[in-house]
Amino acid sequence: MAGGTGAGAADFDVVVVGAGFGGLAMLHRLRAAGFSMQGVEMGEGVGGTWYWNRYPGARVDVQSVEYSLSLSKEVQDEWTWTELMAPQEELERYVNFVADRLDLRRHIKFETKVTAATWDAASATWRVETDRGDAWRARFVVTAVGCLSAPLEPAIEGLHSFAGDSLYTNRFPKAGYDFSGKRVGIIGTGSSGVQATPVIARQAQHLHVFQRSAAYTMPAGNRPWAPGEFEALRADYDTIRKAQLASPLGAARFGAVSIGDLPMNPPKILETPMEERLARLDREGWLAATPFAWADVTTDIEANRAAQELYAEMIRREVKDPQTAAALVPQYPMGCKRPIIDIGYFETFNQPNVTLVDLKKGAIRRITPQGIETEQGAFPLDVIVYATGFDAMTGALNRIDIRGRDGRRMREAWVAEGPRSYLGLMVADFPNFFTITGPGSPSVLTNMIAAKRGYAGFALA
Ligand SMILES: Cc1cc2nc3c(=O)[nH]c(=O)nc-3n(C[C@H](O)[C@H](O)[C@H](O)COP(=O)(O)OP(=O)(O)OC[C@H]3O[C@@H](n4cnc5c(N)ncnc54)[C@H](O)[C@@H]3O)c2cc1C
């Protein structure tokens, strides 16, 4: 796409689907370039991830100054982050501020779901249909529908039979939820489960954490700013953005750790005597039990196992009950999934009102009206929290009936060939159809806001 053009046979130059960070950035840049456009969002408000995921403890894992949009100096100069890594409420306020400050809301039709997009070769336009009866013609479609946005209901027998409250982290009630005095079960120990567990445990009468696979997580090191700290950072955004662009992660920091401060030439764990490995744990804490600390952990499975043993030692130092500590050690190689950062996760298992249910010792059989029935017994509950994740990467796109050249359906093309794309941005036979953070994009391997900056720019170049 280059420069704004008259829409011709089309109602708009571009339809932008989704009003999270990706959709808002796209609308802002399209308008500046002179395109006519229509935004669509199925939620009532802007924010995407930070609109839907309101569960207790939801928080970003990248420092807020880096997990923020660089596209407007006004937004950058006027917004104040209150702590290192913002919670969901602050992120949602920020996205709303962006939408208002850049006057983007008027371009978006809310509570409207795009159901179909069909390529018409004769007019070289897309026909975009919604569940509210719209049928727009546009020369381009940009989907900013998110790669972790399509909720997944777990396939557990009896899911809808539960007589208590069923809550989903990815569609958590706007008004919040009071867990006081309740027997709570949480299913899922990925990022959302790990973030929610300590907060729910502070309220619940008893919390059972149902764990199928333990995940690698370590303390986030979040904190409020020291006096003047944020103001100094804000005054130096140019340097921050340059450092982000130079980093393959789109962030110069992960959690509280500055990537530049990590050792440039770390030793090999397999060449380091056990006393020195443990001495590093004493000196450096969790960081010494990560792939950052050793040269060979991501290239040699034996080294990976040795680092995993250090990680297990850190858990043993935190969690008093030896059985619980052992069950919390992940059983897959370190570094194979995006690591999680948490606030007080392992300590939570020392609370008398918290029990880990290790599903490796007996899986969930079904949900019953009373609670969760497993192969190790029944757990009567008042509330079940599902932190069971998303139909990731292709889910939100596959829920739209997208038909390209010769009526080819995107979801069928992807079933036949896997989700193939050009740089995660475009798919063959779907002309003028762009996917921000689509399958094949860097997306969750990075600080996604910084990755999008490149993407939105690329789509317009
Ligand atoms: C709980 C959680 C925590 C996360 N934490 C981090 C983090 O710490 N760091 C990080 O880098 N990334 C994180 N992510 C990834 C996060 O999704 C991205 O950082 C970013 O917010 C994605 O923005 P987006 O605009 O691409 O998509 P989203 O924010 O997912 O927005 C997509 C929007 O599209 C809308 N939509 C989808 N389909 C349709 C349709 N058919 N019609 C109309 N509207 C539609 C959805 O309602 C949604 O509002 C997290 C994700 C989750 C779920």
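Residues numbered from 1 in each chain as written. Predicted model: local features only at pLDDT ≥ 70, side-chain atom pairs only at ≥ 80, totals over all residues. Heavy atoms only, no water.

Concerning the overall build of the chain
Item 1. Counting secondary structure elements, the chain contains 14 helices and 20 strands.
Item 2. Relative to its length of 461 residues, the chain is compact, with a C-alpha radius of gyration of 23 Å against a globular reference of 23 Å.
Item 3. Each principal axis of the C-alpha atoms in the chain carries an extent, and together these give about 70 × 55 × 45 Å.
Item 4. In the chain, buried positions account for 54% of the 461 residues. (Helix = DSSP H or I, 4+ residues; strand = E, 2+ residues; numbered from the N terminus. Rg over C-alpha atoms; globule rule 2.2 N^0.38 Å. Buried < 20%, exposed > 50% of the residue type's maximum accessible area, 1.4 Å probe, protein only.)

Structural notes on the pattern of salt bridges
Item 1. On inspection of all chains with the given rule, the structure shows 32 salt bridges.
Item 2. The partner of glutamate 83 in a salt bridge is arginine 59, and the shortest N-O contact between them spans 3.1 Å. Of this pair, glutamate 83 sits in the loop between helix H3 (73-78) and helix H4 (88-101) while arginine 59 sits in the loop between helix H2 (49-52) and H3, placing them 24 residues apart in sequence.
Item 3. On the basis of relative accessible area, glutamate 83 is assigned to the buried category, the value being 17%.
Item 4. Here arginine 137 and aspartate 120 are joined by a salt bridge, their closest N and O atoms 3.6 Å apart. A residue pair is termed long-range when its members are at least 10 positions apart, and arginine 137 in strand S6 (residues 135-143) and aspartate 120 in strand S4 (residues 114-120) qualify at 17 residues. (Salt bridge = Lys/Arg side-chain N within 4 Å of Asp/Glu carboxyl O.)

Remarks on the site of the ligand
Item 1. Residues in close proximity to the ligand total 35 residues, the closest being Gly22, Glu41, Thr49, Asp61 and Tyr67.
Item 2. Here an oxygen atom of the ligand and a backbone polar atom of aspartate 61 are 2.7 Å apart.
Item 3. At 2.9 Å from a nitrogen atom of the ligand is found a main-chain nitrogen or oxygen belonging to valine 114.
Item 4. When residues of the shell around the ligand are traced back to their parent elements, those giving at least two are helix H1 (21-32), H2 and helix H14 (448-460).
Item 5. Element by element, the count of residues in the shell around the ligand is highest for H2, at 3 residues.
Item 6. Across the shell around the ligand, the residue classes break down as 16 nonpolar, 14 polar and 5 charged. (Near = heavy atom within 4 Å. Polar contact = N/O pair within 3.5 Å; in protein donor to acceptor, adjacent residues only side chain to side chain. Nonpolar A, V, L, I, M, F, W, Y, C, P; charged D, E, K, R; others polar.)

A word on the sheet that holds strand S17 (residues 377-380)
Within a sheet, neighbouring strands are paired by backbone hydrogen bonds and run either parallel or antiparallel to one another.
Item 1. Read across the sheet, 3 strands follow the order S15-S16-S17 without closing on themselves; strand pairing throughout is antiparallel. Since the sheet does not close on itself, it has two edges, and those belong to strand S15 (364-367) and S17, each with one partner. Ignoring strand direction, the axes of neighbouring strands in this sheet form an average angle of 20°.
Item 2. The pairing of strand S16 (residues 371-374) with S17 spans 4 bridges and is antiparallel. Following the sheet pairing, glycine 371 is matched in S17 by proline 380. (Pairing = 2+ DSSP bridges. Axes fitted to C-alpha atoms, helices over the stretch in contact; angles between N-to-C directions.)

What about the confidence of the model for the chain?
Item 1. In the predicted model, the chain carries a mean pLDDT of 93, and 96% of its residues have values of at least 70.
Item 2. Counted against residues more than four places away or in other chains, residues 455-461, with its pLDDT under 50, gives 23 contacts. (pLDDT = per-residue confidence, 0-100. Contact = heavy atoms within 4.5 Å.)

Some remarks on the pairing of S4
Item 1. Here S4 pairs with strand S5 (residues 125-130) via 6 bridges, running antiparallel. If you follow valine 114 over to S5, its bridge partner there is threonine 130.
Item 2. Once S4 ends, the chain turns through 4 residues before running back antiparallel as S5, passing alanine 124 with a positive phi of about 50°.
Item 3. The pairing of S4 with strand S19 (residues 401-403) spans 3 bridges and is parallel. For alanine 117, the partnering residue across the bridge sits in S19 and is isoleucine 402.

Here we look at H4
Item 1. Helix length check: H4 (14 residues) gives 20 Å between terminal C-alpha atoms against 20 Å at 1.5 Å per residue, within 8%.
Item 2. Taken together, the buried positions of H4 are occupied by Gln88, Glu90, Leu91, Glu92, Tyr94, Val95, Val98 and Ala99.
Item 3. Tucked into the core, H4 has its buried residues touching H1, H2 and H3. (Expected span 1.5 Å × (residues − 1).)

A few points about the environment of tyrosine 422
Item 1. Position of tyrosine 422 among the secondary structure elements: in the loop between helix H13 (410-417) and strand S20 (433-435).
Item 2. We classify tyrosine 422 as exposed; its relative accessible area is 54%.
Item 3. Note: C-alpha distance between tyrosine 422 and glycine 43 (379 residues apart in sequence) is 29 Å.

Details of the packing of helix H8 (residues 274-284) against helix H9 (residues 301-318)
Item 1. At their nearest, the axes of H8 and H9 sit 11 Å apart, and the two run at 45° to each other. With respect to each other, H8 and H9 are oriented oblique. For the element pair H8 and H9, the recorded crossing hand is right-handed. On H9, the residues touching Arg277, Leu278, Leu281 and Asp282 of H8 are Ala306, Leu310, Glu313, Met314 and Arg317.
Item 2. Counted by class, the contact of H8 with H9 contains 5 nonpolar, no polar and 4 charged residues. (Parallel < 35°, antiparallel > 145°, perpendicular 65-115°, else oblique. Left-handed = near helix turned anticlockwise from the far one by under 90°.)

Overview of the sheet that holds strand S14 (residues 354-358)
Item 1. Taken in spatial order, the 5 strands of this open sheet run S7-S18-S8-S9-S14, and their pairing is parallel. In this open sheet, the two edge strands, each paired with only one partner strand, are strand S7 (165-168) and S14. Taken pair by pair, the neighbouring strands of this sheet meet at an average axis angle of 20°, ignoring direction.
Item 2. Inspection of the sheet shows strand S9 (residues 206-211) paired to S14 by 5 bridges, in the parallel sense. Across the sheet, the residue bridging to glutamine 211 is aspartate 358, located in S14.
Item 3. Sitting on the sheet, helix H5 (residues 191-203) touches strand S8 (183-187), S9, S14 and strand S18 (383-386), and the angle it makes with S8 is about 170°.

Concerning H13
Item 1. For H13, every residue scored as buried is listed here: Met410, Ala413 and Trp414. Viewed along the axis of H13, the buried residues span an arc of 95°, placing them on a single side of the element. Within H13, the exposed residues directed more than 90 degrees away from the buried face are Val415 and Ala416.
Item 2. Considering only its buried residues, H13 is in contact with helix H12 (395-398), S19 and S20.
Item 3. Following H13 by one or two positions, glycine 418 has its phi on the positive side, about 80°. (Arc of directions from axis to C-beta.)

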